[in-house]
Amino acid sequence: MARSSASSSGRPASAGPVARVYLDYAGFAPVDPRVVAVMRPFLEGGVGNPSAPHSLGLEARASLEGARAKLARLVGGTPAGVIFTASATEANNLAIRGLVRRLGGRHLVVSAIEHVSVLNACRYLEQQGVSVTYVGVDALGRVDPDDVRRALRPDTVLVSVMAANGEIGTVQPIREIGRVARERGVAFHVDAVNAAGRVPLHVEECAIDLLTLSSNDLYGPPGAGALWVRPGIKLAPIILGGGQERGYRAGTENLPAIAGMGVAAELARVERAQEAARLRALRDRLLEGLLARVPGARLTGAPGDGRLPHHASLVIRGVKADAVLLELDLRGIAASSGSACTALTGEPSHVLRAIGCDRDEAEGSLCFTLGRWTTAAEIDVVLDVLPGIVERLRRLAP
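What you see is a predicted model, and the numbers here were worked out from it, not measured in a lab.

Notes on the confidence of the model for the protein chain
- Per-residue pLDDT for the protein chain averages 93, and the proportion of residues at 70 or more is 94%.
- The low-confidence segment residues 1-8, where pLDDT is below 50, has 25 contacts with residues more than four positions distant or belonging to other chains.

Concerning the pattern of salt bridges
- Summed over the entire model, instances satisfying the criterion amount to 33 salt bridges.
- Note that Asp209 is salt-bridged to Arg182, the shortest N-O span being 3.5 Å. Highlighted residues: Asp209 in the loop between strand E6 (187-191) and strand E7 (210-214) and Arg182 in helix H6 (residues 174-183), separated in sequence by 27 residues.
- We classify Arg182 as partly exposed; its relative accessible area is 43%.

Points about the packing of helix H7 (residues 255-293) against helix H11 (residues 376-396)
- Their axes nearest at 10 Å, the elements H7 and H11 cross at an angle of 15 degrees. With respect to their mutual orientation, H7 and H11 come out roughly parallel. Crossing geometry of H7 relative to H11 is assigned as right-handed. Seen from H7, the contacting residues are Leu282, Arg285, Leu286, Gly289, Leu290 and Arg293; seen from H11, they are Ala376, Ile379, Asp380, Val382, Leu383, Asp384, Leu386 and Pro387.
- Looking at the contact of H7 with H11, its residues break down into nine nonpolar, one polar and four charged.

Concerning the sheet that holds E6
- Spatial ordering of the open sheet is given by E2-E8-E7-E6-E5-E3-E4, a layout of seven strands whose pairing is mixed. On the outer flanks of this sheet lie strand E2 (82-85) and strand E4 (131-135), each paired with one strand and no other. For this sheet, the mean inter-axis angle between neighbouring strands, taken without regard to orientation, is 20 degrees.
- Judged from the four bridges that link them, E2 and strand E8 (residues 225-229) form a sheet pairing that is antiparallel. Within E8, the residue paired with Ile83 across the bridge is Leu227.

Thoughts on the environment of Asp24
- Within the secondary structure, Asp24 sits in the loop between strand E1 (21-22) and helix H1 (33-43).
- C-alpha of Asp24 to C-alpha of Ser336: the two residues are 312 residues apart in sequence and 6.2 Å apart in space.

Here's the deal with the nonpolar core
- Counting residues in hydrophobic clusters, the biggest one holds 64 residues, and the most contacted among them are Phe84, Val159, Phe188, Ile208, Leu211 and Leu213.
- Once residues within four sequence positions are removed from consideration, Val159 is found in contact with Val109, Val148, Leu152, Ile177, Ala181, Val186, Ala187, Phe188 and His189.
- Counting residues in each nonpolar core, the second largest holds 30 residues, with Leu286, Leu383, Val385 and Val390 among its members.

Here's the deal with empty space enclosed by the protein
- Throughout the structure, instances matching the rule amount to one cavity of 30 Å³ or more.
- Around the largest cavity sit 14 residues that line it, and Gly197, Arg198, Tyr219, Glu275 and Arg372 are the ones nearest its centre.
- For the lining of the largest cavity, the per-class residue count stands at seven nonpolar, one polar and six charged.

Some remarks on the pairing of E4
- By the bridge criterion, five bridges tie strand E3 (residues 107-111) to E4 in an arrangement that is parallel. Following the sheet pairing, Ser111 is matched in E4 by Val135.
- Taken together, E3, helix H4 (residues 116-127) and E4 form a β-α-β motif whose crossover is right-handed.

Concerning the side chain of Glu253
- Here Glu253 lies in the loop between E8 and H7.
- Lacking a salt bridge, the buried Glu253 has Arg61 as its closest oppositely charged neighbour, with an N-O distance of 4.3 Å.
- Those residues within four positions of Glu253 in sequence are excluded, and the remaining contacts are Pro50, Arg61, Leu64, Gln244, Glu245 and Ile258.

Calculation notes
- Residues numbered from 1 in each chain as written.
- Predicted model: local features only at pLDDT ≥ 70, side-chain atom pairs only at ≥ 80, totals over all residues.
- Heavy atoms only, no water.
- pLDDT = per-residue confidence, 0-100.
- Contact = heavy atoms within 4.5 Å.
- Salt bridge = Lys/Arg side-chain N within 4 Å of Asp/Glu carboxyl O.
- Helix = DSSP H or I, 4+ residues; strand = E, 2+ residues; numbered from the N terminus.
- Buried < 20%, exposed > 50% of the residue type's maximum accessible area, 1.4 Å probe, protein only.
- Axes fitted to C-alpha atoms, helices over the stretch in contact; angles between N-to-C directions.
- Parallel < 35°, antiparallel > 145°, perpendicular 65-115°, else oblique.
- Left-handed = near helix turned anticlockwise from the far one by under 90°.
- Nonpolar A, V, L, I, M, F, W, Y, C, P; charged D, E, K, R; others polar.
- Pairing = 2+ DSSP bridges.
- Core = buried A, V, L, I, M, F, W, Y, C linked by side-chain atoms within 4.5 Å.
- 1 Å grid on protein atoms, 1.4 Å probe; cavity = no way out; pocket = protein on both sides within 12 Å on 5 of 7 lines; lining within 4 Å.
- Points joined across faces, edges and corners; volume = space filled by probe spheres on them.
- Right-handed = clockwise from strand over helix to strand, strands pointing away.
- Lys, Arg positive; Asp, Glu negative; His and termini not counted.

What follows is the structure in structure tokens.
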């Protein structure tokens, strides 16, 4: 786990005897110790099934509803709209496939740089005869709301655009896109995994009808996600069984993880502004230093306030990201080359292709995501180490 200065939130225990510089928070965020403390009683027993009629079941139900209210406060929505799932991937599928199945929709509009769980859900629907329009982005990775407007058809039932991209950090004009969808009476889904708790996001102000959240991206435990559904929007369940979660998500709720997710959401809501300012300063220190010290390095995504406060991404010509990441890892630095869900395919990122990167640039893509325990000293370690790694690998290249 990441090294850290002391803070009111404490820090996760180290994963080993050697402290590491952990800059892959988008891949996996260490669970906040304050969240672990709340989860512990649920894991140690004495808590019932939320569907049970006895007193332990009623206590469990109260904890479940408390977590639901905390997530709702984070995004400015009604608590009844929160549907708990096992992951953000499941929530995205419930939003997209569930709405199309319920409405019998024939056309969707999505951005070309969505998470693979959105894109693959859309490809599945295309095999079922549903038409999908993939809206492109500009060189900074931004969706033009006018492009969304032009893509809408009389039979469009859903627009899906992520709040911010996890590979290049660009924040989308969600408010403007939501206004376009609302004017045409089309449901608007937002995958908010990368943005929630980091940038302001309000379902009413942005006219959002369906919103996806991930527990671990809020420093909560893995194994929990949620979909907020606006009252009046009806979905078809994609998992069949009992009547849990208003019939939308069958199966006994993962109460320890859900309780942890609720606490994580509350902490994110209360601490967001202060933490975003701290991370933005560290992010800029890292980006400015790398762009100045590494010849041929280029920022990917939007600059400044147009990108997530904790996100630094760039491409470096003449090196392979895998080799750079291995060298960094040998020096105790953990980073990534983009989305953890697409890193195993071996293909250039669809996001980098969409913003115009050629194959050489895409192969040299690096992504550093900072987090709650990142320090200035860790940023300086990267600035000291990475330029030499790039220089050596370039010399060794054929």
